[in-house]
Amino acid sequence: MTEETHSVPRTRTHNCGELRPSDVGADVVLMGWVHRIRDLGGLTFLDVRDRHGLTQVVARDGSAVLARIKQVRPEYVIGVAGPVERRSEETLNPKIATGEVEVEARALVVLSEARTPPFQIDEETPVSEEVRLRYRYLDLRRARMRENIGLRHRITMAVRNSLDADGFWEIETPLLTKSTPEGARDYLVPSRLHAGEFYALPQSPQIFKQILMVSGMDRYFQIVKCFRDEDLRADRQPEFTQIDVEMSFVDEEAVFAAVERLMQAVFHVLGKEVPAPFPRLTYDEAMTRYGSDKPDLRFAMPIQDVSGVFREGRFKVFRELVARGGSVRALVVPGAGRQSRAQIDNLVDEALALGAKGMVWVRQSPEGAIQSSILKAAGEEALAQVVETVGAGRDDLTLIAAGQGYEASVLLGQFRLRLAEREGLIDENRTSLSWVVDFPLMDWSETEQRLVSMHHPFTSPRPEDLDRLEDDPAAVRARAYDLVLNGNEIGGGSIRIHRAELQARIFRLLKISDEEAQARFGFFLDALQYGTPPHGGIALGLDRIVALVAGEPSIRDVMAFPKTSAAVDLMAGSPSSVDRRQLRELHLE
C-alpha cells in the first residue's frame, strides 16, 4: 500500500471495533472520529472511534503521514489505511475488544474537520442536561448514550421476534386521527382542506387496535409513537413509544402468558433469565401490604394490620378511628431500633412533611423493655402485643400509622421505599416482575364531580360484579392489570368490553351522553354492532423499560432526541413560531 497521505479508498474494510489478532498482517481501511491523540514526538498514537468501538492507530518517526496526523484534532472524521500489527505486551489494553492490535498508518485523509466540542466526548465528565440536549448529536457520540441506543435497538428486535413467534402481526394505525379526549389533552393538527376542523395525534391506538380485533386480525402489535399534551412532569415526554398489543378470543391468562414470554425475551438480551409466571397481587393486596399499586418486591418489609390490638385498647385516638371503620397499620424497619431518639424523631418529622397527621413508633430496649412515643397513652401490654403481632426483633423499629381507607398504608409505603433505599435493603441485582390485578373499575373525581375510569372507558368489569354496576359502581372490579418492574409500572392493559349494550351502560355511568358518545366514538360503537370477539391487550412503555434495564434515572437517556421537561427540543428549537402564510392556509388567526 502506498504511503501517499491521500491514497485511502473511499470505503472502509472494517469497523473500529472489529480487528483481532487473527487480522495481524492484513491491510485495512478504517474510518471514524478521532477519539484521543497522544503525541510522543517521534511517535503518535490516535484512537479512531465509530459506533462499534475503538482502534488504536500509530504513526512512527519517518512515516510520511506523521506530519499529517499531528494536524488532526479530536472529533475530526478521518480515513486511515495500513497493516494490522500486534501490540507489544506492555501496551495491551484489555478494556477494549481491539486492545491486542493496532494499525500502522500508511495513509490518512481528513474527511471532515470539527470545531472544538462544548464538552469532552472521550470522557464521561459531568455535563448539564441542557447542554447535552442542545448538542445532542455530540452527546450521542459518547459511550454511555451509544450503548443505551444500541440496547434499545436490541430490545426492540427481541420484542418483534417474540411477538412474531407468538403469531402476532405488526400493523400500523393512523397518526392523524379523531380527537377523543379522555385523560390527557390531545395534540391537535389543523386541516388545510377542511377549514375549522382538526386531526389529533393519538394518545394511544386504543380504539384502532380494538377495531382490528373486530376486523378479524386476531393478534396485533405495534411499536408506536404516542402523544400526550400533559402538564409538566420530571420524566414525561410529549411523544413516547409504546409496545401495543391486542389479542382476540383470550382471557387474562392468555395475555399474561404472551407478555411474560415477551419480557423473558427482553431480559435475555441482558443475559438474564426471569422465571414465569410472574407473581400476582390484587390491587387491594398491593395497596394494603405495600401502600402502592406498583410495589417494589425486591425486598420484603410488608405493611401489617394491627387494628385489632387497638380496637378495645385504651389509646383513644386509635380506638375511635377503628370504630369509625379506619385501620391501624405497622411497618417493621429491620435494624432501625438501634437508632438514637433524635434519629427516630427525624423519621416522625419526615412523616409530617409527607402530609401525615401523625406517626408513632415502638421498639424494644436491649433488655427487652418496650419503648414508644405513646407508651403512657397506649400501655406496655398493647404495644408488646403489636411487637409480637408484627414479629419485630430486638434491633427493629416498628412504625405505626392510622387512617381511613388506604391512607395509613400509603404513608408507610412511602417510608418503606425511602428507608429501604437509605439503608441499602434493595438488592439492585435482583429483578422483580409482578402483575397487579383487579383494579377498581371507576374512581370518583373531586375535580369533575363524577365517576371516571381508573384505566379507560373500554375496560370490562368483572362478570361477577355486573349486578352492582349501577347501585354500587365504586365496588365494581375491572378486568384490568398492570405490569410492574422493580416498583415501576411499565405497562397496563385489560380485557375489553365487546358488547355494545355493556359499553353503553359504562358511558352512562361516566356521564357521557348517547349524543356525546356518538360524536366522540361513533365509528367504534358502530363497529361493535357487527360481531366483536372477546379481546384484550396491553400497552408497555418501551422508553421506561429500556431506562430501567439500562439503570438510567431518566427516559431521556434512552431516547435519541428527547425534549426537556418543559416539552422543548433544545437542539431543533421547537416549538417555534410559523410563517403567517402557513397560518392563513390553515384558516388560523
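In short, a report on the structure. (Residues numbered from 1 in each chain as written. Predicted model: local features only at pLDDT ≥ 70, side-chain atom pairs only at ≥ 80, totals over all residues. Heavy atoms only, no water.)

What follows concerns the sheet that holds strand E15 (residues 360-364). As summarised here, the arrangement of the 5 strands in space is E13-E14-E17-E15-E16, forming an open sheet in which the pairing is antiparallel. In this open sheet, the two strands that pair with only one neighbour each are strand E13 (303-305) and strand E16 (370-372). The mean angle between the axes of side-by-side strands here comes to 30 degrees, regardless of whether they run parallel or antiparallel. Pairing of E13 with strand E14 (residues 327-333) involves 3 bridges; the strand directions are antiparallel. Considered in E14, the bridge of Gln 304 is made with Ala 330. (Pairing = 2+ DSSP bridges. Helix = DSSP H or I, 4+ residues; strand = E, 2+ residues; numbered from the N terminus. Axes fitted to C-alpha atoms, helices over the stretch in contact; angles between N-to-C directions.)

Before going further, it helps to examine the side chain of Gln 242. For Gln 242, the location among the structural elements is in strand E11 (residues 239-248). Of note is the side chain of Gln 242, whose polar atom sits 3.0 Å from the side chain of Asp 244. Once residues lying within four places of it in the same chain are set aside, the contact partners of Gln 242 are Ser 204, Pro 205, Gln 222, Ile 223, Val 224, Cys 226, Ala 539, Leu 540 and Leu 542. (Polar contact = N/O pair within 3.5 Å; in protein donor to acceptor, adjacent residues only side chain to side chain. Contact = heavy atoms within 4.5 Å.)

Over its 13 residues, helix H10 (residues 341-353) runs 19 Å from end to end, which matches the ideal 18 Å to within 8%, given 1.5 Å per residue. Listing the buried residues of H10 in full gives Ile 344, Leu 347, Val 348, Glu 350 and Ala 351. All buried residues of H10 fall inside an arc of 155 degrees around its axis, so they share one side. In this structure, the buried residues of H10 make contact with E15, strand E17 (397-403) and helix H13 (407-422). Directly beyond the C-terminal end of H10, a positive phi value near 100 degrees is found at Gly 355. (Expected span 1.5 Å × (residues − 1). Buried < 20%, exposed > 50% of the residue type's maximum accessible area, 1.4 Å probe, protein only. Arc of directions from axis to C-beta.)

Here we come to the packing of helix H5 (residues 206-214) against helix H15 (residues 514-528). Between H5 and H15, the shortest axis-to-axis distance is 10 Å and the interhelical angle comes to 20 degrees. If you check the angle between H5 and H15, you find them roughly parallel. The element H5 and its partner H15 pack so that their crossing is left-handed. Residues Ile 207, Gln 210, Ile 211 and Val 214 of H5 pack against Phe 521, Phe 523, Phe 524 and Ala 527 of H15. Of the residues that constitute the contact of H5 with H15, the class distribution is 7 nonpolar, 1 polar and no charged. (Parallel < 35°, antiparallel > 145°, perpendicular 65-115°, else oblique. Left-handed = near helix turned anticlockwise from the far one by under 90°. Nonpolar A, V, L, I, M, F, W, Y, C, P; charged D, E, K, R; others polar.)

Turning to the nonpolar core, a few remarks are in order. If you look at the biggest cluster of nonpolar residues, it comprises 39 residues, and the most contacted ones within it are Ile 243, Met 263, Leu 433, Trp 435 and Leu 483. Ranked by residue count, the leading element in this core is helix H6 (residues 252-269), at 8 residues. The residues touching Leu 433, leaving out its near neighbours within four places in the chain, are Met 263, Phe 267, Val 274, Phe 278, Pro 279, Leu 483, Val 484, Leu 485 and Ile 490. (Core = buried A, V, L, I, M, F, W, Y, C linked by side-chain atoms within 4.5 Å.)

Turning our eyes to something else, we now look at the sheet that holds E11. The strand order E7-E10-E11-E23-E22-E21-E18-E12 describes an open sheet built from 8 strands, whose pairing is mixed. Of all the strands in the sheet, the pair left with one neighbour each is strand E7 (169-170) and strand E12 (280-282). Where strand E21 (residues 480-485) lies against strand E22 (residues 488-495), 6 bridges are found, and the strand directions are antiparallel. The residue of E22 that forms the bridge with Val 484 is Glu 489. Of the strands in this sheet, E7, strand E10 (219-227) and E11 are in contact with helix H4 (residues 143-165), which crosses E10 at around 150 degrees.

Below, the discussion takes up the pairing of E17. Most of E17 sits out of view: 6 of its 7 residues are buried. Here E14 pairs with E17 via 7 bridges, running antiparallel. The partner of Arg 329 across the bridge, within E17, is Ala 401.

It is worth spelling out the packing of helix H14 (residues 500-509) against H15 at this point. Relative to each other, H14 and H15 sit at 160 degrees, their axes nearing to 12 Å. Judged by the inter-axis angle, H14 sits roughly antiparallel to H15. When you trace H14 past H15, the crossing you get is right-handed. Judged by residue contacts, Ala 500, Gln 503, Phe 507 and Arg 508 of H14 engage Asp 514, Ala 517, Phe 521, Phe 524, Leu 525 and Leu 528 from H15.

Before going further, it helps to spend a moment on the pattern of salt bridges. Applying the stated criterion to the full structure yields 46 salt bridges. A salt bridge links Asp 345 to Arg 341; its shortest N-O distance comes to 3.2 Å. With Asp 345 and Arg 341 both in helix H10, this residue pair falls 4 residues apart, about one helical turn. For Asp 345, a relative accessible area of 31% puts it in the partly exposed group. With a shortest N-O distance of 3.3 Å, Arg 477 and Glu 464 are connected by a salt bridge. In this pair, Arg 477 sits in the loop between strand E20 (450-453) and E21 while Glu 464 sits in the loop between E20 and E21, placing the two residues 13 residues apart along the sequence. (Salt bridge = Lys/Arg side-chain N within 4 Å of Asp/Glu carboxyl O.)

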